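Per-entry structural report
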Amino acid sequence: MGVEAHATNERVTGRRWTVRLDPVGRGRADVRVSCSRPACAAQVLPSAADGRTAAIAHLKAHLRAGPAPRPSVQCACRAEECHTHIRPAGPRERPVPWRCGGAVVLAVITDREGRWWQVLECCSRCAAAHPTAKVVATAPAAEAPARADGFRADAPAPATPGGPAATTPTFSAVSPHFSHSATAAATGTAVPQQASGPRSSAPRSAPRSARPTRKRPPRGRIAQRLVPHDLRPVALRDELTELGELFRAYQARTEPDLAVLADLHARKAEAFDAWAEVTADTGLRLDARRAEQAAATARLQHLHRIGQAPDGEGPAVVRLLTAPAQWNHARAVLAHVAENAPLPGAEARLLVLMVTLRTAQSGVGNLVGQDIKGLPLQDPEHLVGQLVESGWLGISGTVEELIASRPESPTRISVPSLTPDEDDPGPFTFGRKLRPKLSGWAQRVVGEKKLRKGKTGADVRLLALALATGADGEGRLGPGGEGIGLDALASWCTVDPGDLPDLVDRLTAADWLAEADVTGTLLTGRLTERVLPLGCPLT
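I will try to describe carefully the structure that is included in this document.

Criteria and thresholds
- Residues numbered from 1 in each chain as written.
- Predicted model: local features only at pLDDT ≥ 70, side-chain atom pairs only at ≥ 80, totals over all residues.
- Heavy atoms only, no water.
- Pairing = 2+ DSSP bridges.
- Helix = DSSP H or I, 4+ residues; strand = E, 2+ residues; numbered from the N terminus.
- Buried < 20%, exposed > 50% of the residue type's maximum accessible area, 1.4 Å probe, protein only.
- Axes fitted to C-alpha atoms, helices over the stretch in contact; angles between N-to-C directions.
- Parallel < 35°, antiparallel > 145°, perpendicular 65-115°, else oblique.
- Contact = heavy atoms within 4.5 Å.
- Salt bridge = Lys/Arg side-chain N within 4 Å of Asp/Glu carboxyl O.

Note: strands within a sheet are paired through backbone hydrogen bonds, in either parallel or antiparallel orientation. The strand order across the open sheet formed by three strands is β9-β11-β10, and the pairing between neighbours is antiparallel. Of all the strands in the sheet, the pair left with one neighbour each is β9 (364-367) and β10 (394-395). Sheet analysis places β9 next to strand β11 (residues 411-414), joined by four bridges and oriented antiparallel. Within β11, the position partnered with leucine 367 by the bridge is threonine 411.

And the structure:
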């Protein structure tokens, strides 16, 4: 035992080095090829394709120039306490403490995206545990300790005259073979022969630990579902497996590409439809429908971002709020203010809306005097005082200080009804990044240039907000261009329905509305192209 422990401690850890392909800088096409070996200098190549070619050539040069794997080294994988290697199959396969099992090999491991290549001097069992490992060469069997009679425990009998000569394993350093299942002929390595003792000269088969391990193909995974091994047709199984890998690769991207995402969702919908046909699984059909909707949404968002119409025939509107989810959140804020405004009147509702958008996420925010004085309020100081007295609004200081505050020293405000706690997360579900976008959108609508020049009142600007969120993608008012109910508009603007025609005329004069027509119950017409970027289309 003492001799064995001493021999184990003296073993050298297997070699390991990595060749990497990294971008030089964000937004640049050139790449850097680097090697972890200290004598290798980094190279800069003009494109990823050139970098990948140079990296592979550099790796092959190392493999051709380097020595063969050493049979007595400590497994590099085992040296880092790797727990992914294959365990022995039975009690008779007891690996030595310094090796997981099998012969020592030189293996190349790479990631699926082709960004790095790692060479390991490790055991064959460790190499088999990596799905991307490719064996370059195999070392000859390690010498076993000598027995009392002078022979090694695993050595063949001495050659007799005319008997078979012992073969010497060799390593081909000129043309390495990258293969998952490298054979002795491919790697230039002969299978070592063993004998039970000096009396026997008959060659025996290779030890079980050195035989190639039969591996089941890795199971694919997509959308939290495992792809069955026996799924037929095989083309469907391969498509699902590939889609799962592509989705995971997309999630690892640093920048989104909605066109690529839309194509992935479309392929997923087709594959899940075919999977549902094979298995008669209703859940797969529902997933396929959801994938179709996700593909349509991602494609629409992509067209909006690049400024094209959904049908590809004309330029699309570049909107201030770009996504359907943002449009729905804007409508949710307007509905919340209509139901929870603490004071009556159009001016109070407009002020409550702007303060709500400043404090929607956490219940607190900053406000300056210009934010209030820029609104069409007859007596802003009195109105803010009423909100404070009602308990709806809290300010750090006096109302006069708030009206006089400047951007370099804003006033801290709070709205207790919007402050989340453990029992009530608050009325809104959008994130921190969307809140300033919604606030900026409302400020752009309320402070639109022609509305300011026309000195329109708070009721006209509330109507402008309602119409901006109540038109379709082409600016037609109401779902399908059928119009918006007068009662709903009058309630939002806090005016009588009979006063709406005058407000509509004011918006038409400000070039907000075209073809406007007020009937007994509906307002029809469309938004002008000038204000379409401020719209939140109905979906």
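Another point: the pairing of strand β2 (residues 31-35). Residue alternation in β2 divides its side chains into a buried set, Val31, Val33 and Cys35, and an unburied set, Arg32 and Ser34. Note: strand β1 (residues 16-23) against β2, five bridges, orientation antiparallel. The residue of β2 that forms the bridge with valine 19 is cysteine 35. Pairing analysis gives three bridges linking β2 to strand β3 (residues 43-45), with the strands arranged antiparallel. Paired with arginine 32 across the strands is valine 44, a residue of β3.

Between helix α10 (residues 346-359) and helix α14 (residues 434-446), the least distance of the axes is 8 Å, while the angle of their chain directions is 155°. One way to sum up the angle between α10 and α14 is to call them roughly antiparallel. Residues Leu350, Met354, Leu357 and Arg358 of α10 form the contact with α14, whose own contacting residues are Arg435, Leu438, Ser439, Ala442, Gln443 and Val446.

Now for the pattern of salt bridges. Summed over the entire model, instances satisfying the criterion amount to 22 salt bridges. For the salt bridge of arginine 358 with aspartate 371, the shortest nitrogen-to-oxygen distance reads 3.0 Å. Taken together, the positions of arginine 358 in helix α10 and aspartate 371 in helix α11 (residues 369-373) put the pair 13 residues apart, joining distant regions of the chain. Here arginine 358 falls in the partly exposed class, since its relative accessible area comes to 24%. Three or more residues joined by partner-sharing salt bridges are found here, namely Arg225, Asp281, Asp287 and Arg290.

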